[in-house]
Structure formats: C-alpha cells, structure tokens
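A look at the structure
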Amino acid sequence: MKNYDVCIIGGGASGLAAAASLDDGINACLLEKNSTPGKKVSASGGGRCNITNRAAPGAEETVEFFRGIGLELYCDEEGRYYPYSNQASDVTEALLQSIKNKNTQIYTEFPVRSISTEGGKFFVYGDEGAVCADNLIIAAGGKSYPQLGTTGDGYAMARSLGHAVRRVYPVLTPVECYDMPDFRGIRCRGRVTLYKDGIKVCSEAGEIQFTADGISGICVFNITMGIRAEDGEKPEAAMRRYEMSIDFAPDFSEEEILSRKSSFGIVTGRIAEEVAPEHLKDYRLKVKGTKGWKQAQCTAGGVDLSELDAETMESEILPGLYFAGEVLDIQFKCGGFNLQNAWQTGRKAAAAINRKYR
C-alpha cells in the first residue's frame, strides 16, 4: 500500500483544480474511475467549456489561475469566460500538464469501493489496490451526466465518514409538461415564470426551445432550480404543485397585443394558431417533471455545508478530510457559475493543505 500526503478522489473539475494547485513538494495521488480524467470538463459547454462568469465571486482569481498554467481565456458580451481556443478539451489538457509537473500520481480506472480511517490516516480501497494518505479530498462529482461517470459515488463516501448529505435532485434540465401542443422545433424569445401552489417562485427571460414533450433553453434550465420534492414528498405529488407561465411577448403590453388583428408577427404562425391573443402573455403549462440526470447540467443537494469550514472546505467532523465541487450542496444558474464553484472549492482545499506543509 502506497502512502501519500494527499489523496484526491475524482478527476473532474474540482479534483483537477485541487491537484494543479498543490505545492510541488507535496506527495499526492488522484484516483479517477474513468479511463481518463476530465471527461465531463472536456464535454462541457457544448465542447467549449464556460469556465467562469465575470459576475461570479472569485472569477478574477480563476482567470489568473488558468493563465498561470498557460491557458488564455476570453470573455463574451454576457460575461462568460471561455478558453481562447474555444476547445473544452484544452482546459483538461492544461490542468493535466500542470499536474504532470508536480509530485502527483494519477490512477485511472480506479473506482473507490470503501474508505476507512485509523491513526489520523485515510485508507482508500479500490478493486485492485489501496492507498493511504494523511489528507483526503473527496471531489467525486454529483449525479448529472452519469454517462460521463458522475454517478453520485461521493455521497456514500461522505456518509461513511460521518457527514450528512442533503437530498439530491437534477437541475438545469429541460422540463416535461402535460397537454403539450405540437410546437416541437420552434424557438422564440420570451419569459418563463414558475409557480408553486399558485405562488410565484422565480422568473427568467431568454430563448425558449420547444420539444416534443415540453420546453428547454437556458431560461428554462435556470428555473428548474425551483422545482423539487420536499423531504418525504413523492416526486409525482410534488410535480403536481408546479405550473409554468410563458410570456411570448415580453416587450409588448397586453393592450398592444389585443389591438392587433392577429398575434402573428409577434409570434410565429403555429403559436398564433394555438395561443389566443389574450393568453399570449400568460400561457400556462402544467409541469410533469424534469428530464432527469442524463440531461441535467447540475446536481442540487449534496454534502451539508454546515459541517465544513467554508474557507478551507475541511470537515469539522474529521480533520484532514476535505470536499470540493458538485458533491457539495452548492448550485447556481447556467453561465459558468457551477464550474467556478468547482475550481474555487478545489483550490481552497489545496491551499489549506499547502499551508500544513509550508
């Protein structure tokens, strides 16, 4: 069994950021269950990787971090940062190149089966071996995009080490609706408002994309953060409490719409045929459910933050244990905010460990 100063579980955004931020003299290992690290990072943002957002706290430090490892970024008109090459795979490659220059061993195809502690050390067991470390960073991701290997393994690890995990559910995903008209393939500008038990929860404007069974688009993704089943509530019963209102003409008043002979010209003909002018600013759809983990961009819920030091990400239950990334109960809207959280929490954990060895 090999001994390390630090073991990082998970080769996603937060795990790679942590490994790349450790001091050169620290003896570390990174355990990744996939055949290669960074699969989700390399596929993110439609292959472009929205690294962070100008509006996110800590964005400047993240930009400087990536420039420090040789990756140039640019910021678009909406404040989203991307690699200058527009290639998400370059983000992964830059992180891996930085890690190669350190005293870090990367083990791939190493699914973690169990973790134990003894004498202030962590023992991490896989199918074909085990490692021992003085410090452990759990950066195993959430449950979104399980096809890329993120299947929620970190939650069981956290529980086994005494941590509470808040109920997880998929967010930033398309929404399925009951009695959906055949608008599939249509895109339009609009505003979507979410209601729960008739009370407004949240509202987002942007491009709405109609699918065969519901609606999609960034504005729809963002409002899914308000759709959830309460503890002990069955998902089917919870969904019946939600409905969405679509304002197809946010730049027009109801009086302006009703003064026209037809709403065609504001909306496309197919929508004008289906939606009466008096409903154009408040077209209601009953929520059937979200699309689930395979299409969700993010996981809501996770390791309870009240049991961690927010500045170091270290456990207040078990010294030497750290958490980073999507395994935590932290989630944000689209636009680079969730990746910012991954980089930031991974780097916080690494910085805290660096201070122990200086």
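Above this text you will find the structure in question.
The present account deals with the structure reproduced in this document.

Calculation rules
In this numbering scheme, every chain counts its residues from 1 along its sequence in written order. For this predicted model, a pLDDT threshold of at least 70 governs which residues receive local features, and a threshold of 80 or more governs which side-chain atom pairs are given and counted, while totals over whole chains, interfaces and linings are taken from all residues. Neither water nor hydrogens contribute to the side-chain values; these are computed over all heavy atoms in the structure. Two joining distances apply to patches: 9 Å for like charges and 5 Å for nonpolar side chains (Val, Leu, Ile, Met, Phe, Trp, Tyr), and every residue must have over 30% relative accessible area and no salt bridge. Every accessible area reported is derived by Shrake-Rupley at a probe size of 1.4 Å, with residue values counting cover from the shown protein chains alone. Any Lys or Arg side-chain nitrogen found within 4 Å of a carboxyl oxygen on Asp or Glu counts as a salt bridge. The sign given to each residue is positive for Lys and Arg and negative for Asp and Glu; His and the chain ends receive no count. Note that the charge is assigned to NZ on lysines, CZ on arginines, CG on aspartates and CD on glutamates. Helix and strand labels come from DSSP, where a helix needs a run of H or I of at least four residues and a strand needs a run of E of at least two; each type is numbered from the N terminus. Exposure classes here rest on a 1.4 Å probe applied to the protein chains alone. A residue is buried below 20% of its type maximum, exposed above 50%, and partly exposed in between. Strands were regarded as paired on the criterion that DSSP finds at least two bridges between them. A helix is expected to span 1.5 Å multiplied by its residue count minus one. Orientation is described by lines fitted to C-alpha atoms, with helices fitted over the stretch in contact, and by angles between N-to-C directions that extend from 0 to 180 degrees. Should the near helix be turned anticlockwise from the far one by less than a right angle, the crossing is termed left-handed; should it be turned clockwise, right-handed. Contacts are assigned to residue pairs with any non-hydrogen atoms lying within 4.5 Å of each other. Only centres within 6.5 Å qualify two rings of Phe, Tyr or Trp (six-membered ring in Trp) as a pair; their planes then separate them into stacked at under 30 degrees, edge-to-face at over 60, and tilted for everything else. For a ring to carry a charge above it, either NZ of a lysine or CZ of an arginine must fall within 6 Å of the ring centroid while also lying within 35 degrees of the normal to the ring plane.

1. Description of a negative patch on the surface
Taken together, the side chains of Glu254, Glu255, Glu256 and Glu278 make up a negatively charged region of the molecular surface. Counting through the fold element by element, Glu256 comes out in helix H8 (residues 254–258). Given the relative accessible area of 40%, Glu256 is considered partly exposed.

2. Re unusual backbone geometry
Its identity is not glycine, yet Tyr145 carries a phi of approximately 55 degrees, on the positive side. Positioned with a positive phi, Leu172 is a non-glycine residue whose angle comes to about 55 degrees. Examined against the element boundaries, Leu172 turns out to sit in the loop between strand E10 (165–171) and strand E11 (175–177).

3. A look at the sheet that holds strand E5 (residues 80–83)
Pairing is antiparallel in the open sheet, where three strands are placed in the order E3-E5-E4. Strands at the two margins of the open sheet, each flanked by one partner only, are strand E3 (52–53) and strand E4 (73–75). Relative to E5, E4 runs antiparallel, the two being bridged by three bridges. Counted as the bridge partner of Tyr74 is Tyr82 from E5.

4. A short note on helix H4 (residues 88–100)
Taking 1.5 Å per residue as the helical rise, H4 with its 13 residues ought to reach 18 Å, and the 19 Å between its terminal C-alpha atoms agrees with that figure. Among the residues making up H4, those that are buried are Ala88, Val91, Thr92, Ala94, Leu95, Leu96, Ser98 and Ile99.

5. Side note on the packing of helix H1 (residues 13–21) against H4
Contact geometry for H1 and H4: axes closest at 8 Å, N-to-C directions at 35 degrees. H1 and H4 meet at a crossing whose hand is left-handed. When H1 is examined against H4, the residues Leu16, Ala17, Ala19 and Ala20 are found in contact with a partner set consisting of Thr92, Leu95, Leu96, Ser98 and Ile99.

6. Topic: the packing of aromatic side chains
Under the counting rule described, the total for this entry stands at eight aromatic pairs. Geometrically, the ring pair formed by Phe65 and Phe66 is edge-to-face, given 5.0 Å between the ring centres and 70 degrees between the ring planes. The pair formed by Phe65 and Phe66 is uniform in burial state, with each residue classed as buried. Ring centres of Phe183 and Phe210 lie 5.3 Å apart, and the angle between their planes is 85 degrees; on these two criteria the pair is classed as edge-to-face. Placement of Phe183 in the loop between E11 and strand E12 (187–196) and of Phe210 in strand E13 (residues 199–210) is noted, with a sequence separation of 27 residues between them. For Phe183, a relative accessible area of 0% gives the class buried. Under the relative-accessibility criterion, Phe210 is labelled buried at 4%. One Lys or Arg, Arg48, reaches over the ring of Tyr82 and ends 3.9 Å from the middle of that ring. The cationic tip of Arg284 hangs over the ring face of Tyr195; the distance from NZ or CZ to the ring centre is 4.4 Å.

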